[in-house]
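What the coordinates show
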Amino acid sequence: MSYLMQAQERLSRLRARMAETETDLVVLGPSSHMAWLTGLNPHGDERPVMLLVTAEHAGFLMPALNAAMAKEITPLPLFTWADDDGPMAALGALLDASDARRPGLSVVLDETMRADFALLLLDSLNSPRRRFTEDTVGLLRTLKDEDEAARIKASHLLNDAAVEAAFAALKPGMTEAQVVELIEAHYKANGATTAFCSVCFGGNGAFPHHHPGATALGQNMAVLIDTGCVLDGYPSDMTRCRWFGPEPDPEFLKVRDLVEAAVQAALAAAKPGAPASAVDAAARGVITAGGYGDRFLHRTGHGLGIDIHEPPYITGTSETPLATGNVFSIEPGIYLEGKFGLRLEEIVILREDGPEIFSELPRV
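The text that follows walks through the structure, step by step, so that each part is easy to find. (Residues numbered from 1 in each chain as written. Predicted model: local features only at pLDDT ≥ 70, side-chain atom pairs only at ≥ 80, totals over all residues. Heavy atoms only, no water.)

Remarks on the overall build of the protein chain
The condition that has to hold: Numbering of helices and strands runs from the N terminus, with a helix taken as a DSSP run of H or I at least four residues long and a strand as a DSSP run of E at least two residues long. Throughout, the radius of gyration refers to the C-alpha atoms, and the reference size of a globule is 2.2 Å times the residue count to the power 0.38. Residue contacts follow a heavy-atom distance rule, with two residues in contact if any of their heavy atoms lie within 4.5 Å. Per-residue and other accessible areas were derived by the Shrake-Rupley procedure at a 1.4 Å probe size, with only the shown protein chains allowed to occlude residues.
The helix and strand inventory of the protein chain stands at 10 helices and 17 strands. Relative to a compact globule of 364 residues, whose C-alpha radius of gyration would be 21 Å, the protein chain shows 23 Å and is just as compact. In terms of principal-axis extent, the alpha carbons of the protein chain reach across some 70 × 40 × 35 Å. The long-range share in the protein chain, meaning contacts at least 24 apart out of those at least 6 apart in sequence, stands at 65%. Accessible area for the protein chain stands at about 15300 Å²; split by element, carbon and sulfur atoms hold 55% of it.

Laid out in C-alpha cells, this is it:
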C-alpha cells in the first residue's frame, strides 16, 4: 500500500470511529498521533501546529515557514500563518472550513499536544465537550496492520543481532558505557538509530531504569541488557540477562527460571478479549508464589508502535480488553538490591490464537 493510500485508509477509519463515538472534531498536535494518521510530523516548537479532522473536512494549521516541507508529504490543505501576523486568522479560517463554530462540539484533543496549543484551540470554540484520544486515534493505533507488524519484526531482528554481538564481546574490565557504544555502532551500521540502551552490570541491574556508566565488568557477575533501535520508523524493545563467568550464583539461576515461568504464564494468559490485568496477574502470580512478589517493581508490560510506550498498558488495574493486532511487551522482573536484577522482555503481537513473539533471541 502506498503512503497516500495508507493515509487515506487511516483517515477513513478515523472518521468511521468518530461516527461510532459521536465525535464532531479531532484535533492533533505535532506528535506520533499526527505522524500515524498523515505521515507528517512537523517541527514542534512554540509556533502552533494542528490538524483538525471532521466528518467532511481535514486541514492543518501550519506556520508558513514549514509549509513547503508539509506540501511534499500531505495533500491536505494548509492554513498557513506568518510570524508577523500570528496564528489567529489562519485558525479562524480553518475552524470555518471545518464547520467547527457550532456550540457544544464533542472534541477529541491530542493528549500529547502542548498546553498552549490546546488552550488556543479550546478558547476558540463555543462550549466544547472535550476528551482525549483513547477511543479514537489512540484505539486505532493499537490495532497494528501487517505492514506495521513487518516493520516491528525487522526492527527486532536487528536488535537481536546487536544484543547477541554485545554478549559475545563481553570481557573483564569493559564498562557498561563501552557495551552501549558497541550496540549503538551495530544499529548505525545497519541503518537504524538508537531508541534507548541500558546495560547493567551486577547490582546495577536491581534498578529498572539504571543509566549505564563506568561500572566495570568482573568475573561472576550478572549482565542485564535492555535496548531497542528504530528501523524504518518503528522501534524494538527487548531485555536479556546472562551470567558472566563460570560460576553462576544459584539464586541467579533460581530467579531466572522463575521469571521465565512468569513470561510463559503471561503468554498463556494473553488472548483476544482477555483484560490486560489478566496478563499482569498471571506473571505476578508466578513471582509471588515463588517468594519474590515484593521484588517485582513494575507493571508487566506496555504497548509498542511508533512510540516505544503506548497503549495498551499491561497493569494490574487495566480492564482494557486485549484485541487482535495489539502489540505489547511482556517483561516481568525481580530486583535484588546489592545483588542483581533479572528481567526477561518480549514484544508480542496478539493474533487470534494468541501472542506471536517478534524477537528470535532465546531468553534463557
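Notes on the sheet that holds strand β5 (residues 106–109)
Put simply, the test is: Two strands form a pair only when DSSP identifies at least two bridges running between them. Every axis in this analysis is a line fitted to C-alpha atoms, fitted for helices over the stretch in contact. Angles between the N-to-C directions lie between 0 and 180 degrees.
Strands sit in the order β4-β3-β2-β1-β5-β6 across an open sheet of 6 strands; the sheet is mixed. The open sheet is flanked by β4 (78–81) and β6 (129–131), the only strands paired with a single partner. Ignoring which end each strand starts from, the neighbouring axes of this sheet average 20° apart. Bridging between strand β1 (residues 25–28) and β5 involves 3 bridges; their strand directions are parallel. Among the inter-strand pairings, Leu25 is bridged to a residue of β5, identified as Val107. Along the sheet, helix α4 (residues 88–97) makes contact with β2 (50–53), β3 (58–63) and β4, crossing β4 at roughly 165°.

Quick word on the packing of aromatic side chains
Going by this rule: Each pair of aromatic rings taken from Phe, Tyr and Trp, with Trp reduced to its six-membered ring, is defined by centres within 6.5 Å and is described as stacked if the planes are under 30 degrees apart, edge-to-face if over 60, and tilted in the remaining cases. Type-normalised accessible area, obtained with a 1.4 Å probe on protein chains alone, sets the label of each residue: buried when under 20%, exposed when over 50%, and partly exposed for intermediate values.
A complete count under the given rule lists 2 aromatic pairs for this structure. Ring centres 5.2 Å apart and planes at 55° place the aromatic pair Trp243 and Phe252 in the tilted group. Considered together, Trp243 and Phe252 belong to a single accessibility category, that of buried residues. With a centroid separation of 5.4 Å and an interplanar angle of 70°, the aromatic rings of Phe252 and Phe340 are classed as edge-to-face.

Side note on the pairing of β2
Within a regular strand, the side chains alternate between the two sheet faces. Here β2 shows no split at all, with Met50 and Leu52 on one side and Leu51 and Val53 on the other all buried. For β1 and β2, the ladder comprises 3 bridges, and the chain directions are antiparallel. Note on β2: the bridge partner recorded for Val26 is Val53. With 4 bridges joining them, β2 and β3 adopt antiparallel strand pairing. Within β3, the position partnered with Leu52 by the bridge is Gly59. Linking β2 to β3, which pair antiparallel, is a turn of 4 residues.

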